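So the chains spell out like this:
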Amino acid sequence: MSAVQSVSGKSPSATPETHDVVVVGAGFAGMYMLHRLRGLKMTARVFEQGDGVGGTWYWNRYPGARCDVESMQYSYSFSDELQQEWDWSERYAPQAEILKYANHVADRFDLRPDIQFNTRVDRCVFDEDTNRWSVTTSDGATVVAAFVVLATGCLSNARMPDIEGISGFKGKVYHTGNWPHEPVDFTGLRVGMIGTGSSAIQSVPVIAEQAKHLTVFQRTANFSIPARNAPLTAEEREIFRKNYPEVRRFAREEARNGIYTELPDRGALDDGDNDRRAKYEARWRHGGLTFMSVYNNLALDKTANDTAADFVREKIAEIVKDPDTVKLLQPNSHPIGTKRICIDTDYFVTFNRPNVTLVDIKSNPIEEVLPHAVRAGGKDVEIDALVLATGFDAMTGSVAKIDIRGRNGQTLNQKWAEGPKTYLGLMSAGFPNLFIVTGPGSPSVLSNMIVSIEQHVDWIADCAAYMRAHGFEAMEATKEAEDDWVAHVNEVAHTTLYPQANSWYMGANIPGKPRIFMPYIGGVGPYRQICNDVAAKGYEGFAMTGAEEARKVAAS
Ligand code: NA7
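One structure accompanies this document, and this report is about it. (Residues numbered from 1 in each chain as written. Predicted model: local features only at pLDDT ≥ 70, side-chain atom pairs only at ≥ 80, totals over all residues. Heavy atoms only, no water.)

### What about the overall build of the protein chain?
Our working rule: Counting from the N terminus, the helices are the DSSP runs of H or I reaching at least four residues and the strands are the DSSP runs of E reaching at least two. Radius of gyration means the value over C-alpha atoms here, while the globule rule gives 2.2 Å times the residue count to the 0.38 power. The rule is simple: take the accessible area with a 1.4 Å probe, protein chains only, and divide by the maximum for that residue type; under 20% is buried, over 50% is exposed, in between is partly exposed. Contacts between residues were defined by any pair of non-hydrogen atoms, one from each residue, lying within 4.5 Å.
Within the protein chain, the secondary structure is distributed over 16 helices and 20 strands. Computed over its C-alpha atoms, the radius of gyration of the protein chain comes to 24 Å, within 12% of the 24 Å expected for a compact globule of 556 residues. Taken over the C-alpha atoms alone, the protein chain extends approximately 75 × 55 × 45 Å along its principal axes. Buried positions account for 57% of the 556 residues belonging to the protein chain. Within the protein chain, contacts between residues separated by at least 24 positions form 71% of all contacts whose residues are at least 6 apart in sequence.

### Considerations on the side chain of T215
Positionally, T215 belongs in strand β9 (residues 213-218). Once you skip the residues sitting within four places of it in the chain, T215 turns out to touch V191, G192, M193, T357, V359 and V381.

### Concerning the site of the ligand
Going by this rule: The near set for a molecule or strand comprises every residue that places at least one heavy atom within 4 Å of it. Identification of polar contacts relies on pairs of N or O atoms within 3.5 Å, with a donor-acceptor requirement for protein atoms, meaning one able to donate a hydrogen and the other able to accept it, and with residues adjacent in sequence counted only if both atoms are side-chain atoms. Charged means Asp, Glu, Lys or Arg here, nonpolar means Ala, Val, Leu, Ile, Met, Phe, Trp, Tyr, Cys or Pro, and polar covers whatever is left, Gly included.
Neighbouring the ligand are 18 residues, the closest being T196, S199, R219, T220 and K339. Between S199 and the ligand, the recorded distance is 2.5 Å, taken from a side-chain N or O atom to an oxygen atom. Contact between the ligand and K339: an oxygen atom at 2.7 Å from a side-chain N or O atom of the residue. Counted by class, the shell around the ligand contains 7 nonpolar, 8 polar and 3 charged residues.

### A word on helix α14 (residues 479-493)
In an α-helix, one turn spans 3.6 residues, which is why side chains three or four residues apart end up on the same side. Applicable threshold: By this rule the span expected of a helix is its residue count minus one, scaled by 1.5 Å. Summarising the geometry, the arc corresponds to the directions from the helix axis toward the C-beta atoms.
Under the 1.5 Å per step criterion, the end-to-end length of α14 is 21 Å for 15 residues, consistent within 8% with the ideal 21 Å. Buried within α14 are the following residues: A481, E482, W485, V489, V492 and A493. Buried residues along α14 cover an arc of 100° about the axis, so they all sit on one side. Facing away from the buried side of α14 by more than 90 degrees, the exposed set consists of K479, E480, D484 and E491. Those residues of α14 that are buried are in contact with α12 (412-415), β19 (472-477) and α15 (524-536).

### Some details on the sheet that holds strand β13 (residues 366-370)
This is how the line gets drawn: Pairs of strands are assigned from DSSP output, requiring at least two bridges between the strands. Axis definition: a line fit to C-alpha positions, over the contact stretch in the case of helices; interaxial angles, taken between N-to-C directions, run 0 to 180 degrees.
The strand order β13-β14-β15 describes an open sheet built from 3 strands, whose pairing is antiparallel. Edge positions in the sheet fall to β13 and β15 (379-382), since each has one partner strand and no second. Adjacent strand axes in the sheet meet at a mean angle of 20° when their direction is disregarded. Direction of pairing for strand β14 (residues 373-376) relative to β15: antiparallel, over a ladder of 4 bridges. Among the inter-strand pairings, A376 is bridged to a residue of β15, identified as K379.

### Some thoughts on the sheet that holds β9
With parallel pairing, 5 strands are arranged side by side in an open sheet as β7-β16-β8-β9-β12. Edge strands, defined here as strands with exactly one partner in the open sheet, are β7 (172-175) and β12 (356-360). When the angles between neighbouring strand axes are averaged without regard to direction, this sheet yields 20°. Relative to β9, strand β8 (residues 190-194) runs parallel, the two sharing 5 bridges. Each residue of the ladder has a partner; that of G192, found in β9, is T215. Strand contacts of helix α5 (residues 198-210): β8, β9, β12 and β16 (385-388), with the helix running at about 175° to β8, the strand carrying the most contacts.

Okay, structure coming up:
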């Protein structure tokens, strides 16, 4: 790749626009990728399907949407000025504020000129003769680039459930992952909500306040911990700001999930009942995702895990008044934490409201949606509006929507038919110069996403700079390195309780999707070290070819 050869959109109309890099998506990954590439003086074009930046925070505008990682940590660390000057208003930022932050970043770093909005990438085809990707977009244009970076997000492909009759429903149908931009008013309406994952758990209390009646259709009960959200004080912000160097270092290098928090030094069974209960109580009072970090073996040992799960089940029984509803809300199908644990504001207590009903669709599955009702277990529940909080085709869904063709015309979908195969979650063998940010096989969704995004983007940018400096034109994961990595990801996952849950981590929410544990569970610190070591050894496990070699291949 050579930045010097790039024409950066100034090419004659007969030849396609050429860039060093095409970036797909202008969420947090795509924006930072663009910023890094600019720093390397490489030309880049970012294509974004939405009409604004922000990715998941652009699409997920449902009532109550907010981040489950604390704001002071769910933010970029690459610019000290940025992290010193931005004022987060609450412990957990609401969607609108995160979107405002994304827009602020786009303006502050003047990113917009290189982002083409309202444009979907439909097709990427690798030309083995030239080592270039041809990228075709929804406006019919084709651009050529040495590199393609898929910054398409892990949870950006909203999943419509296969329930008969939805298209014939006479009221409005909403999906939490693709919420309208204008305000939605449920006042006076009977609302049905399908799903009880994180999106539902955040939106149920807010919609219940507004709707005449809310019926929640639950297939699987979920564990949820109170967020204890509150305004952030100037002092609290200052503590983080002063300590950012250490907070960020710890999150990157030591915390398994990229979140600065106290690390547990003992297992749940090392404490007696009273001490254990006191610790769970303290974390419950404190609120948030760090509930699972009370002990170091909750994800590993079922007996240990049961102590935490029992505690949360007891809490649900304390909060919810109706005993039948308590039983339904108490999760029993999976160890706590093996589906992403939810954090909520008043979720369980909402079921004490007279205008909220819980319907168990595990034992009485939804048969169909009628024009004015949902039929489950032979009973019709009349509704005026339907909210689908049914999640995403996670981790691979957005990549799979693009027709990506690598060596020998093989498509990425063909290659991943039995489950995603990558080396380090960054590249897939047979698809040279195609990088994935927080792809399957990397910690991604098991971590503070911004920590993982920054690590991947930095690695990719450094790698591109290395290739330029050494005259390499093409780089790809070797099949051997990829097979070893896939085996390692699997092996590590199976030392934990995670594969016991039918979760979207396993692809289990999508009928027909292969059941593979997709994220890397080894922790962001060890993972970062592995990536750094690979780079330090001249990108071990990746094959790089230079200009001369490419010319020989083309001539033969
Ligand atoms: P999730 O966590 O995938 O939750 C989706 C919910 O929808 C879950 O309760 C599913 O039940 C339910 N679901 C999905 N399909 C159906 C059908 N066909 N019928 C009934 N119920 C269904 O998505 P979220 O948007 O809530 O959260 C995703 C992530 O975003 C979250 O982890 C955070 O990281 C942010 P199931 O459990 O499959 O039985």
